[in-house]
Amino acid sequence: MRLLFMGPPGAGKGTQAMRLSAELGVPQISTGDIFRHNVAEQTELGQAAQRFMDAGEYVPDEVTNEMVRARLAEEDTRQGFLLDGYPRTVDQVQTLDEILAELDQELDAVVVLSVDSEELIARLLKRAETSGRNDDNEDVIRHRQEVFKAQTAPLLQTYEQRGIVVEVDGLGDVDEVAERIVGALAAADKS
Ligand code: B4P
């Protein structure tokens, strides 16, 4: 199973991807988590990413693409993977296509979580109380929503044209949304 999780910041990508990856027994690859880990460890990659993340901007494509290319070359992705938060730009979509072609792999589905913007902001402000993330404050949260609308939302069309989008309502409690995702993948004959 090779899946992408897409949706605006706060839609529940990370939350749901973690659950589904455990259920399916395939790795969750969250570009945000990998960046945060590198920032915490103060690696070169972390230093390259930090100022973009703190400002709510995307990390440059060259940096992000190389990181994903290296991760998808690892052995544990052979039976499948769940990409969470990648691709987010046109360039990343093209690079992912190239990487998968080189590996002779194809995506099975793109799970798109939709949630209205005020709920997104409320969720992220709630997370801000405990996360310690520099990008969880109201101004940056609002900016991240704008960046998503401008750069990532249009990419959905590309995957819609390929007929692999599975849209799921992300409102409701975490268990409810998880059930919806599994049901929607089954209905689309993707599980
Ligand atoms: P991410 O780590 O992907 O952060 P995010 O978009 O905010 O989503 P996240 O997965 O954390 O939140 P979720 O919706 O699960 O990216 C952070 C930064 O990294 C980006 O701004 C960028 O700088 C950089 N980056 C990452 N990928 C990149 C890429 N491909 N290219 C360039 N730069 C990149 O959950 C949010 C909150 O909602 C949580 O607190 C959760 O508990 C809560 N929640 C989830 N489901 C809920 C539900 N059903 N009900 C109530 N609350 C819920």
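Above this text is the structure in question.
Residues numbered from 1 in each chain as written. Predicted model: local features only at pLDDT ≥ 70, side-chain atom pairs only at ≥ 80, totals over all residues. Heavy atoms only, no water.

## Let's talk about the environment of L124
In plain terms, the rule: Secondary structure elements follow DSSP: runs of H or I no shorter than four residues count as helices, runs of E no shorter than two count as strands, and numbering proceeds from the N terminus. Throughout, a contact is declared for two residues whenever any of their heavy atoms are within 4.5 Å.
Take L124: it is sitting in helix α6 (residues 117–131). Placed 12 residues apart in sequence, L124 and D136 show a C-alpha to C-alpha distance of 6.4 Å. Sequence-distant contacts of L124, that is, excluding residues within four places in its chain, are made with P9, G10, D136, I141, R144 and Q145.

## Focus: the site of the ligand
Formally: Proximity is defined per residue: any heavy atom of the residue falling within 4 Å of a molecule or strand makes that residue near it. We define a polar contact as two N or O atoms separated by no more than 3.5 Å, with the added condition that, inside protein, one atom must be a possible hydrogen donor and the other a possible acceptor, whereas residues neighbouring each other in sequence contribute only through side-chain atom pairs. Accessible areas in this description were obtained via Shrake-Rupley with a 1.4 Å probe; residue shielding takes into account the shown protein chains only. Three classes are used: nonpolar for Ala, Val, Leu, Ile, Met, Phe, Trp, Tyr, Cys and Pro, charged for Asp, Glu, Lys and Arg, and polar for all others, with Gly counted as polar.
Among the 29 residues in the neighbourhood of the ligand, the closest are listed as G12, T31, E57, R88 and R144. Between R127 and the ligand, the recorded distance is 2.9 Å, taken from a side-chain N or O atom to an oxygen atom. In the environment of the ligand, an oxygen atom lies 3.3 Å from a nitrogen or oxygen atom belonging to the side chain of R133. With the chains in place, 87% of the 990 Å² that the ligand exposes on its own is no longer accessible. Elements supplying a minimum of two residues to the shell around the ligand: α1 (13–24), α2 (31–40) and α6. At 4 residues, the largest contribution of residues to the shell around the ligand is made by α2. Along the lines of polarity and charge, the residues of the shell around the ligand split into 9 nonpolar, 10 polar and 10 charged.

Coordinates in, geometry out; function isn't part of it.
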